[in-house]
Amino acid sequence: MEKEKRNNLIMTFIAIALVYLVVFILELTLRPTSIVFTVLRKGAIYSLVAVSMNLLNGFTGLFSLGQAGFMLLGAYTYAILTIPTEVKQSDRVYRYYDAVINFDTGVFVALIAAGLVAAFFAFLIGLPVLRLKSDYLAIATLGFAEIIRAIFQWDVLGPLTNGANLLREFKDLSRITLPFSDIPFPPTLFVFIVAGVCILLVVLLINSSYGRAFKAIRDDEVAAEAMGINLFKHKEMSFVISSFFAGISGALLAMFQYTVQAQQFRTMLTYEILLIVVIGGIGSISGSCIASFLYIALSEWWLRGLDMGTFLGINAPELFRSGFRRLVFSVIIMIIVLFFSKGIMGDKEISFERMKHLFRKKRKAKGADA
Amino acid sequence: MEFFHQNLSYFLSGISVGGQYALIAIGYTMVYGILRLINFAHGDVFMCAGLMMVYLSSTLPFTITIPLVLLLTVLLGFVIERVAYMPLRSAPRMSVMISAIGVSYLLQNAALYFTGGLAKVYPEIPFLSNSIVIWDATTRVVTIVTPFLTVVLVILLTLLIKHTKIGMAMRAVSRDFETSQLMGIKINRVISTTFMIGSLLASVASLLYFTNYASVTPTSGAMPGLKAFVAAVFGGIGSIPGAVIGAFIIGICENIIKGGASIFGIPGSGWTTFSDAFTFAFLIVILVVKPTGLFGEKAVDKV
């Protein structure tokens, strides 16, 4: 048994390593503007934020809708820290204000800072808000995200946030280099590594004793408290950690998009991520990842034709005009929510054991037929 | 007095917006009272009523359009409840809430598709759109009509709930879902009626609101919806007079903040975005200080 467990672990690592190898090879061979990279990058970023939301909604049972707000904090922190000093002092970005932060940091420091700022705000907001019950918590966190968005657009904070204007010229994905050199780093691989490390940390957390405490709280608060779990402490911890990773994914999103504006982080973004989590299965990390890639591939690539006039060879510009893709999408999502509420994975994870099991079942079924 | 006179236009629009929020808030508070569900799609139903008005009034006269819009919105509310919420009656509360978010996403995307993402100009409804001058402040008739109409509708609704059979059933269901089912109340009919009343009031609110704002976009229902929800929480969720009072208070405060620069002489623009933030800050404060709201009943947690 012990040996089988170890074998499975090794197999999982090999599979993950293979994924990274494939990404690396794709990056060397395909032309860099290929749609595949858009899908892979955005998919990885959405995976991270979906996993961070799943940690809250799926594993701790806290229905929070503040993810867009924490992503905004992360994106702005990253962008403000990495805009080069000479750009800050010129009129290229801060045209109407004098920038207050007159230094710039490296990518790594800025990414960590993005997470920390989001986590710090989560800590503050969590103190009052986490005492609330399910739907009140949802609405309070939603409200908090809106407040953050309003504050970041306020012109009095202009010297810091550039008001309602765009932030750009920070170190986006095209400007990443290997540490201490000028050799460009493959951007997609970079996104995969950052998102992968973060997701791995979440997985380790969930399998630790803290993770078990989170699940206990999700299943029954009263019982968990009776077993000696400090409810508030664990909820706050889950909230802060989830926001930390949401902040990092916000920073990655900023790098991916090349520009940041508070307007992008609307409630709609949170809804989208929540729906991804639901599609993947509430309480399944691998489900969230699969659903993110699927969602992004569908919306950015495979269903593109629905917006462009021709889909599957059918040419109907009247029907297939801009916005039709999202309409089709929301109908699909409603069907999943209503009829397949477990999502792709339910609360299970992908593992070799399950796959083996599945294959064996199929083989048996075939044998019965013959 | 001088102060009040100078800033009359802010107070007037505050009261008017408050009345519109009140009509939306009633829909939230009634649904929450019965199903314990935040109907995230309610704000979008309100927006859809606005869009229907835009499209229908381009071909039909107002005497037909207005009743038709009211009817269609009621139908929309009914269909949403039957399709998206009824199948999940025995599911955990989180699934129902996710379904509500899904409906909201669907309605917004549908609106985005049909409008092509452009802001649609709301038709000028004769009489309501006329401008009048009150005590040196120019405003539209709708601003004056709204609070009175709101009060009349609320009184009618209260009479309905207090003195009719369906009203009694509603009160029973919101008190105890399961027991009222055992007493022979047709629970689905009661819930449908609740949604229909909520949608009717939301479509009246959309008539009044968009006449003032003059354009409808796919996301223009989201903010009023959330604010109305805050009003419902402030008044004590489940309580209709609470929702109305909460809505008026929020409407007035919001407009005072919008006029902040001129009223208090504080520098800086961008106060409009802050009026939104105020609402949510207010919500968090209420939830922390007095989660049951002004008139809400204290819920007893049973283990």
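Residues numbered from 1 in each chain as written. Chains lettered and ligands numbered in written order. Predicted model: local features only at pLDDT ≥ 70, side-chain atom pairs only at ≥ 80, totals over all residues.

**Concerning the overall build of chain B**
Then step 1. Helix and strand counts for chain B come out as 13 helices and four strands.
Then step 2. A compact globule built from 303 residues would reach a C-alpha radius of gyration of about 19 Å, and chain B, at 19 Å, matches this within 12%.
Then step 3. Out of the 303 residues belonging to chain B, those deemed buried represent 49%.
Then step 4. The contacts of chain B with a sequence gap of at least 6 include a subset with a gap of at least 24, amounting to 76%. (Helix = DSSP H or I, 4+ residues; strand = E, 2+ residues; numbered from the N terminus. Rg over C-alpha atoms; globule rule 2.2 N^0.38 Å. Buried ≥ 20, exposed ≤ 12 C-beta atoms within 10 Å, placed from the backbone. Contact = placed C-beta atoms within 7 Å.)

**Focus: the overall build of chain A**
Then step 1. Helix and strand content of chain A: 16 helices and four strands.
Then step 2. Rg of the C-alpha trace for chain A: 22 Å, near the compact-globule value of 21 Å for 370 residues, within the 12% margin.
Then step 3. Overall, chain A is about 75 × 60 × 50 Å in size when its C-alpha atoms are taken along their principal axes.
Then step 4. The buried share of chain A, reckoned over its 370 residues, is 44%.

**Notes on the interface of chain B and chain A**
One widely used convention gives an interface's size as the accessible area the parts lose upon coming together.
Then step 1. Taken together, the 37 residues of chain B in the interface contact 38 residues of chain A.
Then step 2. Those elements that provide at least two residues to the side of chain B that touches chain A are α5 (93–115), α10 (222–235) and α13 (271–289) of chain B.
Then step 3. Among the elements that make up the side of chain B that touches chain A, the one with the highest residue count is α5(B) (14 residues).
Then step 4. Looking at the side of chain B that touches chain A residue by residue, the classes come out as 25 nonpolar, 10 polar and two charged. (Nonpolar A, V, L, I, M, F, W, Y, C, P; charged D, E, K, R; others polar.)

**Thoughts on helix α9 (residues 187–213) of chain B**
Each α-helix turn comprises 3.6 residues. Residues three or four places apart therefore point the same way.
All names here are of chain B.
Then step 1. In this model, α9 (27 residues) spans 38 Å end to end at C-alpha, consistent with the 39 Å of a helix rising 1.5 Å per residue.
Then step 2. In terms of burial, α9 is a largely internal element, 19 of the 27 residues being buried.
Then step 3. Directly after α9, the chain includes Ala 214, whose backbone phi takes a positive value near 70°. (Expected span 1.5 Å × (residues − 1).)

**Some points on the pairing of strand β3 (residues 137–140) of chain B**
Residues and elements named next belong to chain B.
Then step 1. In the sheet, strand β2 (residues 131–134) pairs with β3 via four bridges, with the strands oriented antiparallel. Note on β3: the bridge partner recorded for Ile 132 is Thr 139.
Then step 2. Between β2 and the antiparallel strand that follows it, β3, lie two residues; Trp 135 among them carries a positive phi value of about 50°. (Pairing = 2+ DSSP bridges.)

**Description of the packing of helix α4 (residues 62–85) of chain B against α9(B)**
Residues and elements named next belong to chain B.
Then step 1. Relative to each other, α4 and α9 sit at 140°, their axes nearing to 8 Å. Judged by the inter-axis angle, α4 sits oblique to α9. The two elements α4 and α9 meet at a crossing, and its hand is right-handed. Taking contact as the criterion, the partners of Ile 66, Val 69, Leu 70, Thr 73, Val 74, Leu 76, Gly 77, Phe 78 and Glu 81 in α4 are, on α9, Ile 191, Ser 192, Phe 195, Met 196, Gly 198, Ser 199, Leu 200, Ala 202, Ser 203 and Leu 207. (Axes fitted to C-alpha atoms, helices over the stretch in contact; angles between N-to-C directions. Parallel < 35°, antiparallel > 145°, perpendicular 65-115°, else oblique. Left-handed = near helix turned anticlockwise from the far one by under 90°.)

**Focus on the nonpolar core**
Then step 1. With 194 residues, the main nonpolar core has A:Leu48, B:Ala25 and B:Ala231 as its most contacted residues.
Then step 2. Once residues within four sequence positions are removed from consideration, A:Leu48 is found in contact with A:Ala195, A:Cys198, A:Ile199, A:Phe245, A:Ile248, A:Ser249 and A:Leu252. (Core = buried A, V, L, I, M, F, W, Y, C linked by C-beta atoms within 7 Å.)

**Side note on α10(B)**
All names here are of chain B.
Then step 1. For α10, with 14 residues, the first-to-last C-alpha span of 20 Å sits near the 20 Å given by 1.5 Å per residue.
Then step 2. For α10, a buried count of 13 out of 14 residues is recorded, marking the element as mostly surrounded by other parts of the structure.
Then step 3. Following α10 by one or two positions, Gly 236 adopts a phi angle in the positive range, close to 100°.

**Re unusual backbone geometry**
Then step 1. In this structure, A:Glu169 takes a positive phi of about 65° despite not being glycine.
Then step 2. At B:Arg36, a position not held by glycine, the phi torsion is positive, near 55°.
Then step 3. As for its position among the elements, B:Arg36 is in the loop between α2 (8–35) and α3 (42–57).
Then step 4. By C-beta crowding, B:Arg36 is classed as partly exposed, having 17 other C-beta atoms within 10 Å.

**Description of the confidence of the model for chain B**
Then step 1. When pLDDT is averaged along chain B, the result is 84; 91% of the residues meet or exceed 70.
Then step 2. Across the interface, the model reports ipTM at 0.83; the global pTM reads 0.87. (pLDDT = per-residue confidence, 0-100.)

**Regarding the environment of A:Thr105**
Residues and elements named next belong to chain A.
Then step 1. With respect to the element layout, Thr 105 can be found in the loop between α4 (85–89) and α5 (107–129).
Then step 2. Residue classification places Thr 105 among the partly exposed residues on the basis of 16 C-beta atoms within 10 Å.
Then step 3. Along the chain, Thr 105 and Asn 165 lie 60 residues apart, while their C-alpha atoms are 22 Å from each other.
Then step 4. Beyond its immediate sequence surroundings of up to four residues, Thr 105 is in contact with Leu 81, Thr 82 and Ala 110.

**With respect to the confidence of the model for chain A**
Then step 1. Averaged over every residue, the pLDDT of chain A is 84; residues scoring 70 or more account for 91%.
Then step 2. Per-element confidence in chain A is highest for helix α11 (residues 231–257) of chain A, whose mean pLDDT is 93, and lowest for helix α16 (residues 352–369) of chain A, whose mean pLDDT is 64.

**Overview of the environment of A:Asp307**
All names here are of chain A.
Then step 1. Mapped onto the elements, Asp 307 comes out in helix α14 (residues 305–308).
Then step 2. The partly exposed category is assigned to Asp 307, around which 17 C-beta atoms lie within 10 Å.
Then step 3. Here the alpha-carbon distance between Asp 307 and Met 11, two residues 296 residues apart in the chain, equals 41 Å.

**Some details on the environment of A:Ile296**
Residue and element names in this part refer to chain A.
Then step 1. Counting through the fold element by element, Ile 296 comes out in helix α13 (residues 285–302).
Then step 2. Taking the number of C-beta atoms within 10 Å as the measure of exposure, Ile 296 has 21 and is therefore buried.
Then step 3. Distance in space between the C-alpha atoms of Ile 296 and Ala 79 is 24 Å, their sequence separation being 217 residues.
Then step 4. Once residues lying within four places of it in the same chain are set aside, the contact partners of Ile 296 are Val 39, Lys 42, Gly 43 and Tyr 46.

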